[in-house]
Amino acid sequence: EKKRSFFEFARPVIETENARVLEKRERLLEYYKQYRNKIIFSMEETLWLEKLKAQYKVNDNVDDPELVWMELIRRVDILPVELALTQAAKESGWGASRFAREGNNIFGQWCFKEGCGIVPVNREEGAKHEVRKFKSVNASVRSYIHNLNTHAAYEEFRHLRFEQRRTGKKLDGYSLVSGLPRYSERGEAYLEEIRDMM
């Protein structure tokens, strides 16, 4: 019952945040078609693309603009719902953890500025991290998606997802798990748990 109610609560939130990203992705792909067809962008379109590059931490100081487009397309994408749900369940103890209850943090995301979150009870001496506090569960999900889409630690994940897209496959969360060995300090053992749960 607890598991079912957690999924019923978390699924629509994940779907809503995925829909936000998908809207951006669809617009980006339209602009990529324009670029390929040598159609000049309006000022508004150019500004939107510049903002997107900054938001997704894509460096466009490269000689080949095609590389910039490919990196954007690789990053501006959704996460399979089953993967996000499983990680949320694992990281939040099915929504029962202190961090989920007090900080709306269902993915165990850390922050490193004093006062940015909740200090873990068993934090090692000298460690500076806190578990980030969010205004809402939506904000937690948004941050998780953005983290997987931009952080250098998840480049392999983005590469695998891009390959699934390129070959016309449906995004498969189970096989994408292998791109997340750095999500947890526990590495491969953590990934096995996620696979087992899925």
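As shown above, the structure is provided for reference.
The rules behind the values
Residues numbered from 1 in each chain as written. Predicted model: local features only at pLDDT ≥ 70, side-chain atom pairs only at ≥ 80, totals over all residues. Heavy atoms only, no water. Helix = DSSP H or I, 4+ residues; strand = E, 2+ residues; numbered from the N terminus. Rg over C-alpha atoms; globule rule 2.2 N^0.38 Å. Buried < 20%, exposed > 50% of the residue type's maximum accessible area, 1.4 Å probe, protein only. Contact = heavy atoms within 4.5 Å. Areas by Shrake-Rupley, 256 points an atom, 1.4 Å probe, with all protein chains shown as cover.

How would you summarise the overall build of the chain if you had to cite specific residues and measurements?
Per the secondary structure count, the chain includes 9 helices and 3 strands. Going from N to C terminus, the chain has its helices and strands arranged as α-α-α-α-α-β-β-β-α-α-α-α. Taking 198 residues into account, the globule formula puts the C-alpha radius of gyration at 16 Å, and the chain, at 18 Å, falls close to it. Projected onto its principal axes, the C-alpha positions of the chain cover 55 × 35 × 30 Å. The burial tally for the chain puts 43% of its 198 residues in the buried class. Long-range contacts, defined here as pairs at least 24 residues apart, represent 57% of the contacts in the chain between residues at least 6 apart. With the model as given, the accessible surface of the chain reaches about 11600 Å², and the carbon-plus-sulfur share is 51%.

Tell me what's going on with unusual backbone geometry, and back it up with residues and numbers.
It is generally the case that most residues other than glycine have a negative phi and that most peptide bonds are trans. Phi angles above zero are rare outside glycine, and Lys38 is one such case at about 60°. Its location among the elements puts Lys38 in the loop between helix 1 (2-36) and helix 2 (43-55). We classify Lys38 as exposed; its relative accessible area is 74%.

Remember that the coordinates give geometry; whether it matters functionally is a separate question.
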